[in-house]
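# Descriptive analysis of the structure
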Amino acid sequence: MFFIPLFLSNLKTKKIGKQIEYIRTTGSTNKTIYHMLQNKEIEIEGVLISDQQTKGKGRRGNTWFSSPGKSLTFSLILKSSDKSLTEKLPLISGIAIIQAIKKMINIDCQLKWPNDIVYNYKKLGGILIEKRGDNFIIGIGLNVNDSDFDESIQKQACSIYSIINRSVQREPLLAFILNDFEKLLNNDMEEIIKKWESVCSHMNTFVKFHYSKNILEGDFVGLSKNGEAKIKINKKEHLFNSGVINI
Ligand code: BTN
């Protein structure tokens, strides 16, 4: 059970997350929040949190597995009037999560391009941003108190519990994420890129890059001003706006 008063007592935002809706079980919070918006059941900048997703969606058509009542699975809806949001949102969502975890339990997690949350190269969380009409739906899944993982992800996944050997409260953690997310929205792209690169797990590292059925190899040297991955292959810098990095 997600305890809303505890969440609200830690929430310091002006707008983001002021409307919070909780559903015990749903298919996917990304899908449900959009239906709620269409039915005028949620406002822009509202957040939907669920304790159990039966059809959690990951990036690239993957399934997102989460443990009922133990993970954080939530979606936030924003209006897409500001054009720079397309580039900013994936980056600031990741940075906000890293900063919130640091504030909550003082551990340094990192980001793997484009926006996986990792600890010791194992995946702790992910972000799925979908554009629906004039709206952005930002879906975040974070393994918090999970102790069992689906067999298919056991080797690559971790949770806060598996890192520090104790449970943490999800309510303040979610509030801290939203507090930082709102502050970061006002940063310009240059500041955001600097922050993102400072918490990247593979800056200036040799990487294997899966890009439209090809595997390229080169050095990840940072982000372009639009948030694309800059990879140096044979001394020449190439920009990519999609793909998967293997370290
Ligand atoms: C990824 O593949 O890394 C992205 C995972 C995103 C999962 C979250 S959980 C809350 C929201 N609802 C979904 O169905 N997916 C996102």
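In this text, all values refer to a predicted model and were calculated from it rather than measured experimentally.

A few words on the overall build of the chain. Scanning the chain from N- to C-terminus turns up 6 helices and 12 strands. Taking 2.2 N^0.38 as the reference for a compact globule, 247 residues should give roughly 18 Å; the C-alpha atoms of the chain span a radius of gyration of 17 Å, in line with that estimate. Reported as C-alpha extents along the three principal axes, the dimensions of the chain are approximately 55 × 40 × 30 Å. Here the chain holds 247 residues, and 51% of them are scored as buried. Put simply, of all contacts in the chain between residues at least 6 apart along the chain, 65% involve residues at least 24 apart.

A word on the packing of helix 3 (residues 85–105) against helix 6 (residues 189–198). Across the interface, helix 3 lies against helix 6 with an axial gap of 10 Å and an inter-helix angle of 45°. If you check the angle between helix 3 and helix 6, you find them oblique. The hand of the helix 3/helix 6 crossing is left-handed. When helix 3 is examined against helix 6, the residues E87, K88, L91, I92, I95 and Q99 are found in contact with a partner set consisting of M189, I192, I193, K195 and W196. Of the residues contributing to the contact of helix 3 with helix 6, the split by class is 7 nonpolar, 1 polar and 3 charged.

Below, the discussion takes up the pairing of strand 3 (residues 72–79). Of all 8 residues making up strand 3, 7 are buried, and the element is well covered by its neighbours. The sheet contact formed by strand 2 (residues 47–53) and strand 3 spans 4 bridges and is antiparallel. From the neighbouring strand, L48 faces strand 3, where its bridge partner is S75. Here strand 3 pairs with strand 7 (residues 135–142) via 8 bridges, running antiparallel. Bridging from a neighbouring strand, L72 pairs with L142 of strand 7.

According to the stated counting rule, one finds 6 aromatic pairs in the structure shown. Considering the side-chain rings of F2 and F7, the 6.0 Å spacing of their centres and the 50° angle between planes classify their relative orientation as tilted. The two residues F2 and F7 agree in class, both being buried. With 4.5 Å between their ring centres and 50° between their planes, F209 and F240 make a pair best called tilted.

The topology assignment puts H202 in the loop between helix 6 and strand 8 (205–211). The contact partners of H202, leaving out residues within four places of it in the chain, are L111, K112, W113, V207, F220, I245 and I247.

With that settled, the discussion passes to the environment of F2. Structurally, F2 can be placed in the segment before helix 1 (4–10). Overall, the relative accessible area of 2% leaves F2 in the buried class. Setting aside its immediate chain neighbours within four residues, F2 contacts F7, Y22, I49, D51, L72, R170, E171 and L174.

What follows is about the pattern of salt bridges. Overall, the coordinates contain 7 salt bridges when judged by the stated rule. K57 is paired through a salt bridge with E130; the nearest N and O atoms lie 2.9 Å apart. One end of the pair, K57, is in the loop between strand 2 and strand 3; the other, E130, is in strand 6 (residues 122–132), and 73 residues separate them in sequence. Of the residues examined, E130 reaches a relative accessible area of 19% and is grouped as buried. Residues K208 and E217 are paired through a salt bridge, measuring 3.9 Å at the closest nitrogen-oxygen approach. Given the relative accessible area of 39%, K208 is considered partly exposed. In the salt-bridge network here, residues are joined through shared partners; they are K103, D180 and K183.

Now for the site of the ligand. Lining the immediate surroundings of the ligand are 20 residues, of which S28, Q53, K57, R59 and K123 lie closest. Within the side chain of K123, one N or O atom sits 2.6 Å away from an oxygen atom of the ligand. When the ligand sits alone it has 420 Å² of accessible area, and the protein chains cover 98% of it. Those elements that place two or more of their residues in the shell around the ligand are helix 2 (29–38), strand 3, strand 6 and strand 7. Per-element accounting of the shell around the ligand gives the leading share, 4 residues, to strand 6. For the shell around the ligand, the residue count by class is 5 nonpolar, 11 polar and 4 charged.

Criteria and cut-off values
Within any chain, residue numbers begin from 1 and follow the written order of that chain's sequence. With the structure being a predicted model, the display of local features is reserved for residues of pLDDT at least 70 and the display and counting of side-chain atom pairs for 80 or more, all residues being used for whole-chain, interface and lining totals. Where side-chain values are given, they derive from all heavy atoms of the structure, hydrogens and water being excluded. Here a strand is any run of E in DSSP of at least two residues, a helix any run of H or I of at least four, and the numbering for each starts at the N terminus. Computation of the radius of gyration draws on C-alpha atoms alone. For the globule rule, the value is 2.2 Å times the number of residues to the power 0.38. Using a 1.4 Å probe on the protein chains alone, a residue whose accessible area is under 20% of its type maximum counts as buried, one over 50% counts as exposed, and one in between counts as partly exposed. In this analysis, two residues are considered to be in contact whenever any of their non-hydrogen atoms come within 4.5 Å of each other. To get an axis, a line is fitted to the C-alpha atoms, and for a helix only the part in contact is used. The angle between two axes follows their N-to-C directions and goes from 0 to 180 degrees. Should an angle fall under 35 degrees it is called roughly parallel, over 145 degrees roughly antiparallel, and 65 to 115 degrees roughly perpendicular, with every other angle called oblique. Note on convention: the crossing is left-handed when the near helix lies turned anticlockwise from the far helix by less than a right angle, right-handed when the turn is clockwise. Charged means Asp, Glu, Lys or Arg here, nonpolar means Ala, Val, Leu, Ile, Met, Phe, Trp, Tyr, Cys or Pro, and polar covers whatever is left, Gly included. Strand pairing is defined by DSSP finding a minimum of two bridges between the two strands. Under the pairing criterion, centres of Phe, Tyr and Trp rings, with the six-membered ring standing for Trp, must be within 6.5 Å; the plane angle then separates stacked pairs below 30 degrees from edge-to-face pairs above 60, leaving the rest tilted. The salt bridge criterion pairs a side-chain nitrogen of Lys or Arg with a carboxyl oxygen of Asp or Glu, the two atoms within 4 Å. We define proximity as follows: a residue is near a molecule or strand when any one of its heavy atoms falls within 4 Å of that partner. Polar contact is defined as a pair of N or O atoms within 3.5 Å, subject to the rule that within protein one atom must be able to donate a hydrogen and the other to accept it, and that residues adjacent in sequence are counted only when both atoms are side-chain atoms. Surface accessibility follows the Shrake-Rupley procedure with a 1.4 Å probe radius. Residue values consider only the protein chains on display as shielding.

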